[in-house]
Amino acid sequence: MSTDPDRVATARALLEHLGVTAADLTDSNRPAMPTVAEYLPAVVAAASPATRRTYGSSWRRMAAAYGDRRIDAVRASDIEALMRQAAAGARPRRNSRNGRHAGEHLIAAARAFYNRAIADGYLTIVDSPAHRVRKPRRLPNTRRALTPDELSDINAAARSGGHDIVLDALLLRLHTETACRRAGALALRLADLDTEHALIRLREKGGTQRWQPITPMLASRRDDHARARGAVAPTDAVLRYRNGQPATYRRYDLMWKRIGRQLPWVAVQGISIHWLRHTTLTWVERHFGYAVARAYAGHTDSSGPATTTYIKADLHAVAAALAALTGQPHPLAVAESGQRFPGQEAEDGSGGIPRWNPPLDGS
């Protein structure tokens, strides 16, 4: 028997007036539906520290806009409107893309919020308004590998001024040698340094951990830097300010702003520390292949063709690539290599990384 549209409309109007949804009538086992503000503490408590740091501001934005609404009363159009507001109000940065990242970030945060509600049994994936909003399409990335001259100019600018050239030089060298992310560098502790084997333990996104080769010189300088600035316990941070406090993300912003004042093209192109990761991994892939570059980057994803399961490289292969890149022997390198950055024959025998010998006292 066909349903009378008028009766359906009348029933929906009555349910809306009573504050009852169809799900309330068909599934009595579901828990009472909380408001966005009531449910947010549970979402925050279940999130990892990295997730809270990443999505916290967007969750607070959701609570401010729709805190008194039940989580099933928020519509897809509400989430999309909030996305537009986030994009329009995004602070201009050196690498801004007209608020696209801010809009995409808010949708990702909303989906994380509703994923928790789905897991707790409040909703189904079909009920989630966040999953019905399309993320803004990502524009092609403008990041590229730096040339040897550009890399040399950046290092020279970092050492030419500022109130802590030692820390800035260490940051640039660390990221150039290891292609690590900012979070991995800032998370380094004394216990993560193995000076005997010239290794550091990187803890990066997704809870991944890996031992990464560094040159013996960097291993020694990094240990000296940490201890000279007050690191004693194994859990003490390695990268530290002159006052002994652990370095933060703010250091990167200040360093690149200062470099950009000396090198206008750095500011114009929005060059950041991630460009060093791109530069090193590009060189490694060109000279040592995809498997070594993948291991060097710490990538553990299994997506792609099935043959990627067998494309692997061990720690010794990564150490060999580092030795070729820097021109410095590594105790774990399986073989010496004379590889160079394209078109670069450095006087010190390196693969194009500029000379690096910063003073420990910051003078």
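Bear in mind the structure is a predicted one, so any value in this text is a computation, not a measurement.

Rules behind the numbers
- Residues numbered from 1 in each chain as written.
- Predicted model: local features only at pLDDT ≥ 70, side-chain atom pairs only at ≥ 80, totals over all residues.
- Heavy atoms only, no water.
- Helix = DSSP H or I, 4+ residues; strand = E, 2+ residues; numbered from the N terminus.
- Buried < 20%, exposed > 50% of the residue type's maximum accessible area, 1.4 Å probe, protein only.
- Contact = heavy atoms within 4.5 Å.
- Areas by Shrake-Rupley, 256 points an atom, 1.4 Å probe, with all protein chains shown as cover.
- Pairing = 2+ DSSP bridges.
- pLDDT = per-residue confidence, 0-100.
- Polar contact = N/O pair within 3.5 Å; in protein donor to acceptor, adjacent residues only side chain to side chain.
- Phe/Tyr/Trp six-rings, centres within 6.5 Å; stacked < 30°, edge-to-face > 60°.
- Lys NZ or Arg CZ within 6 Å of the ring centre and 35° of its normal.
- Axes fitted to C-alpha atoms, helices over the stretch in contact; angles between N-to-C directions.
- Parallel < 35°, antiparallel > 145°, perpendicular 65-115°, else oblique.
- Nonpolar A, V, L, I, M, F, W, Y, C, P; charged D, E, K, R; others polar.
- Core = buried A, V, L, I, M, F, W, Y, C linked by side-chain atoms within 4.5 Å.
- Salt bridge = Lys/Arg side-chain N within 4 Å of Asp/Glu carboxyl O.
- Arc of directions from axis to C-beta.

Q: What is the right way to look at the overall build of the protein chain in this model?
A: Each helix and strand in the protein chain was counted, giving 14 helices and 3 strands. Burial statistics for the protein chain: of 363 residues in total, 41% are counted as buried. Of all intrachain contacts in the protein chain linking residues separated by at least 6 positions in sequence, the fraction that spans at least 24 positions is 63%. Summing over all exposed atoms, the protein chain offers an accessible surface of approximately 19,100 Å²; the carbon and sulfur share of this is 52%.

Q: I would appreciate a short explanation of the pairing of strand 2 (residues 199-203) in the present structure.
A: Side chains on a regular strand alternate between the two faces of the sheet. In this sheet, strand 2 lies alongside strand 1 (residues 193-194) in antiparallel orientation, the contact comprising 2 bridges. In the sheet register, Asp194 faces strand 2, and the bridge partner there is Leu199. What sits between the antiparallel neighbours strand 1 and strand 2 is a turn of 4 residues, in which Ala198 has the positive phi angle 55 degrees. As judged from the 5 bridges shared by strand 2 and strand 3 (residues 209-213), these two strands associate in the antiparallel manner. Following the sheet pairing, Arg203 is matched in strand 3 by Gln209. Here strand 2 folds back onto strand 3 in antiparallel fashion, the turn holding 5 residues, of which Gly206 has a positive phi close to 75 degrees.

Q: Is there a simple way to think about the confidence of the model for the protein chain in this case?
A: In regions of low pLDDT, the predicted coordinates are not meant to be interpreted in detail. Per-residue pLDDT for the protein chain averages 83, and the proportion of residues at 70 or more is 81%. Per-element confidence in the protein chain ranges from a low mean pLDDT of 61 for helix 2 (residues 22-26) to a high of 95 for strand 2. In this model residues 336-349 is a low-confidence stretch, pLDDT under 50, and it forms 31 contacts with partners more than four residues away in sequence or in other chains. Of the regions scoring below 50 in pLDDT, residues 356-363 engages in 19 contacts with residues more than four places distant in sequence or in other chains.

Q: What is the right way to look at the side chain of Thr280 in this model?
A: Residue position: Thr280 is located in helix 13 (residues 274-297). A residue is classified by how much of its surface remains accessible, and Thr280, at 2% relative accessible area, is buried. From its side chain, Thr280 meets the backbone oxygen of Thr176 in a polar contact 2.6 Å long.

Q: Looking at this structure, I do not really get the sheet that holds strand 1. What am I missing?
A: Picture the strands of a sheet paired through backbone hydrogen bonds; they go either parallel or antiparallel. With antiparallel pairing, the 3 strands of this open sheet are ordered in space as 1-2-3. Unpaired on one side and paired on the other, strand 1 and strand 3 mark the two borders of the sheet.

Q: Honestly, the packing of aromatic side chains in this entry has me stumped. Any pointers?
A: The geometry of an aromatic ring pair is captured by the separation of the ring centres together with the interplanar angle, meaning the angle of the planes. Evaluated as defined, the whole model comprises 5 aromatic pairs. Ring geometry for Phe113 versus Tyr114: centroids 5.2 Å apart, planes at 70 degrees, classification edge-to-face. Accessibility assignment for this pair places Phe113 and Tyr114 in one class, buried. Centroid distance Trp283 to Phe288: 6.1 Å. Interplanar angle 45 degrees. Geometry classified as tilted. Over the ring of Tyr252 we find Arg182; its NZ or CZ atom is 5.8 Å from the centre of that ring.

Q: How should I be thinking about the packing of helix 13 against helix 14 (residues 315-326) in this particular structure?
A: Packed helices, taken two at a time, are described by the angle their axes make and the gap between the axes. In the contact formed by helix 13 and helix 14, the axes pass within 10 Å of each other and the chain directions differ by 170 degrees. As judged from the angle between their axes, helix 13 and helix 14 are roughly antiparallel. On the side of helix 13, the interface is formed by Thr280, Trp283, Val284, Phe288, Val292, Ala295 and Tyr296, while helix 14 contributes Ala317, Val318, Ala320, Ala321, Leu322, Ala324 and Leu325. Considered class by class, the residues forming the contact of helix 13 with helix 14 number 13 nonpolar, 1 polar and no charged.

Q: It is not clear to me how the nonpolar core should be interpreted in this structure. Could you clarify?
A: In summary, soluble globular proteins display a tendency toward joint burial of nonpolar side chains. Ile154, Leu172, Leu174, Trp256 and Ile259 are the most contacted members of the largest nonpolar core, which has 38 residues in total. Only helix 7 (148-159), helix 8 (165-178), helix 9 (182-186), strand 2, helix 10 (216-228), helix 11 (249-262) and helix 13 provide two or more residues apiece to this core. Top contributing element to this core by residue count: helix 8, with 6 residues. Once residues within four sequence positions are removed from consideration, Leu172 is found in contact with Ile154, Asn155, Ala158, Met255, Trp256, Ile273 and Leu276. Met33, Tyr39, Leu82 and Ala86 belong to the second largest nonpolar core, which has 29 residues in total.

Q: Please explain the pattern of salt bridges as it appears in this structure.
A: Pairing between side chains becomes possible if they bear opposite charge and their charged atoms approach one another. Enumeration over the complete set of coordinates arrives at 16 salt bridges. Linking Asp78 and Arg75 is a salt bridge whose minimum nitrogen-to-oxygen distance equals 3.1 Å. Taking relative accessible area as the criterion, Asp78 reaches 6% and is therefore assigned buried. On the basis of relative accessibility, which here comes to 49%, the residue Arg75 falls in the partly exposed class. A salt bridge links Arg173 to Glu177; its shortest N-O distance comes to 2.7 Å. Taken together, the residues span about one helical turn, with Arg173 and Glu177 both in helix 8 at a distance of 4 residues.

Q: How should I be thinking about helix 3 (residues 36-46) in this particular structure?
A: Given 3.6 residues to a turn, an α-helix orients residues that are three or four positions apart in the same direction. Residues of helix 3 that are buried include every one of Val36, Tyr39, Leu40 and Val43, and no others. Along the axis of helix 3, the buried positions cluster into a sector of 120 degrees, meaning they face one direction only. Opposite the buried face of helix 3, at more than 90 degrees from it, the exposed residues are Glu38 and Ala45.

Q: Looking at this model, I keep getting lost on the environment of Met83. Mind explaining?
A: With respect to the element layout, Met83 can be found in helix 5 (residues 76-88). Along the sequence, Met83 and Gly103 sit 20 residues apart, while their C-alpha atoms lie 4.8 Å from each other. With near-sequence residues (within four places) excluded, Met83 lies in contact with Gly103, Leu106, Ile107, Arg134 and Pro136.

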